[in-house]
Amino acid sequence: MSEREPIHVFVADDHAIVRKGIRAVLEIVPDIDVVGEAENGRDAVSRVEQLRPDVILMDLVMPEIDGIEAIRRIKDRQPEARILVLTTFAGEDRIFPAIKAGALGYHLKDSRPEELVQAIRQVHRGESSLHPVIARKVL
């Protein structure tokens with residue numbers, strides 16, 4: 001029996017400490033490999049196009065272009081892209097546009113590491129994944 005290929009994850013967040021923290025959390029997970037990072041939406045769109053990761057973790061508030069516009073652009077170029085929003089914003093003014101733009105999941109940065117890993121795996125499988133606070137708002 002051969003080992004499964006790791007899930008290739010890309011992290012887009014304008015805060016270096018957040019990107020490094022996410023990378024540190026994910027590096028200890030055997031079936032997840034962080035393949036790239038971006039500090040703004042414009043770089044995220046171009047790097048994702050080059051790297052073709054399995055799952056993209058996308059912050060919503062970033063310079064150059066925001067996360068919602070980055071999601072739109074990525075999905076226009078790669079309809080199969082699987083995007084998981086990871087942000088501090090739980091407002092409906094962000095949730096619904098992000099989902100409409102093509103995000104499969106929406107989690108808050110206060111999620112526990114194991115919840116983030118589970119969300120990455122769900123989105124990788126093509127399933128939606130919502131933080132409990134977000135799920136209540138959506139419902």
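**Examining the pairing of strand E5 (residues 105–108)**
Here E5 shows no split at all, with Gly105 and His107 on one side and Tyr106 and Leu108 on the other all buried. Bridge count between strand E4 (residues 83–87) and E5: four bridges; the pairing is parallel. Bridged to Thr87 within E5 is Leu108. As a crossover connection, the stretch from E4 through helix H4 (residues 92–101) into E5 is right-handed. Bridging between E5 and strand E6 (residues 129–130) involves two bridges; their strand directions are parallel.

**Topic: the pattern of salt bridges**
A side chain with one charge may pair with a side chain of the opposite charge, provided their charged atoms come close. In total, this model carries 16 salt bridges according to the counting rule given. Among the salt bridges present, the one from Glu69 reaches Arg73, with a minimum N-O distance of 3.0 Å. Here Arg73 and Glu69 lie together in helix H3 (residues 67–77), a separation of four residues that amounts to about one turn. Glu127 is the partner of Arg125 in a salt bridge, and the nearest nitrogen-oxygen pair spans 3.1 Å. The network of salt bridges with shared partners includes Arg19, Lys20, Arg23, Glu37 and Glu39.

About the criteria used
Residues numbered from 1 in each chain as written. Predicted model: local features only at pLDDT ≥ 70, side-chain atom pairs only at ≥ 80, totals over all residues. Heavy atoms only, no water. Buried < 20%, exposed > 50% of the residue type's maximum accessible area, 1.4 Å probe, protein only. Helix = DSSP H or I, 4+ residues; strand = E, 2+ residues; numbered from the N terminus. Pairing = 2+ DSSP bridges. Right-handed = clockwise from strand over helix to strand, strands pointing away. Salt bridge = Lys/Arg side-chain N within 4 Å of Asp/Glu carboxyl O.

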